[in-house]
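Given next are the chains, with one letter for each unit.
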Amino acid sequence: MRWCGERLALVAQANDDDDTKPRVYLADLDGHGGLDVVVGGETSGQLWLNNGAGRFRQGQQISYDRYDAIALGDVTGDGRIDVFVAGVNSYQVWRGQGDGRFTAGSQSNYR
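All values reported here derive from a predicted model rather than from experimental measurement. (Residues numbered from 1 in each chain as written. Predicted model: local features only at pLDDT ≥ 70, side-chain atom pairs only at ≥ 80, totals over all residues. Heavy atoms only, no water.)

Novice: Describe in detail the nonpolar core, supporting the description with residues and values.
Specialist: In this structure, Leu29, Tyr64, Ile70, Leu72, Val83, Val85 and Trp94 are the most contacted members of the largest nonpolar core, which totals 16 residues. For this core, the elements supplying multiple residues, two or more each, are β3 (23-27), β5 (44-50), β7 (69-73) and β8 (82-86). Among all residues touching Leu29, those that are not within four sequence positions of it are Asp36, Val37, Val38, Leu47, Leu49, Ile81, Gly98, Asp99, Gly100 and Phe102. (Core = buried A, V, L, I, M, F, W, Y, C linked by side-chain atoms within 4.5 Å. Buried < 20%, exposed > 50% of the residue type's maximum accessible area, 1.4 Å probe, protein only. Helix = DSSP H or I, 4+ residues; strand = E, 2+ residues; numbered from the N terminus. Contact = heavy atoms within 4.5 Å.)

Novice: Could you give an account of the pattern of salt bridges, naming the residues involved and the relevant values?
Specialist: Taken as a whole and judged by the stated rule, the model has three salt bridges. The salt bridge partner of Asp78 is Arg95, with a shortest N-O separation of 3.5 Å. With Asp78 in the loop between β7 and β8 and Arg95 in strand β9 (residues 90-96), the pair connects residues that are 17 residues apart, well separated along the chain. Classification of Arg95 as partly exposed rests on a relative accessible area of 39%. A salt bridge links Arg101 to Asp99, with the shortest nitrogen-to-oxygen separation between them at 2.7 Å. Connected through shared salt-bridge partners, Asp78, Arg80 and Arg95 make up one network. (Salt bridge = Lys/Arg side-chain N within 4 Å of Asp/Glu carboxyl O.)

Novice: Account for the confidence of the model for the protein, with residues named and values stated.
Specialist: In the predicted model, the protein carries a mean pLDDT of 83, and 82% of its residues have values of at least 70. When pLDDT is averaged over each element of the protein, strand β10 (residues 102-104) comes out on top at 96 and strand β1 (residues 2-3) at the bottom at 41. In this model, residues 9-15 is a region of pLDDT below 50 whose contacts with residues beyond four sequence positions or in other chains number 19 contacts. (pLDDT = per-residue confidence, 0-100.)

And the structure:
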């Protein structure tokens, strides 16, 4: 696992070429200081929010077209973690509200 900033740690993923396996992403999604979990599958991701004692409660599920990569970080510049879903020709940003909830942005082309 690599450390990627004050509120973000990145990605544990399989070491094979099977794109259908889920990826696990860790970040402080709700601003409580603990690392929360995003499990990214082929067409949806499930958020799990850390209660601070090493237990997780189910959070929001986000849906998207098939992806090639997911990244967590402050894409919108508001100081909150967002979920960036990347495809080959398009992307979608799920804008973080800072409390563990996300609002879907429209799918956009890179150009």
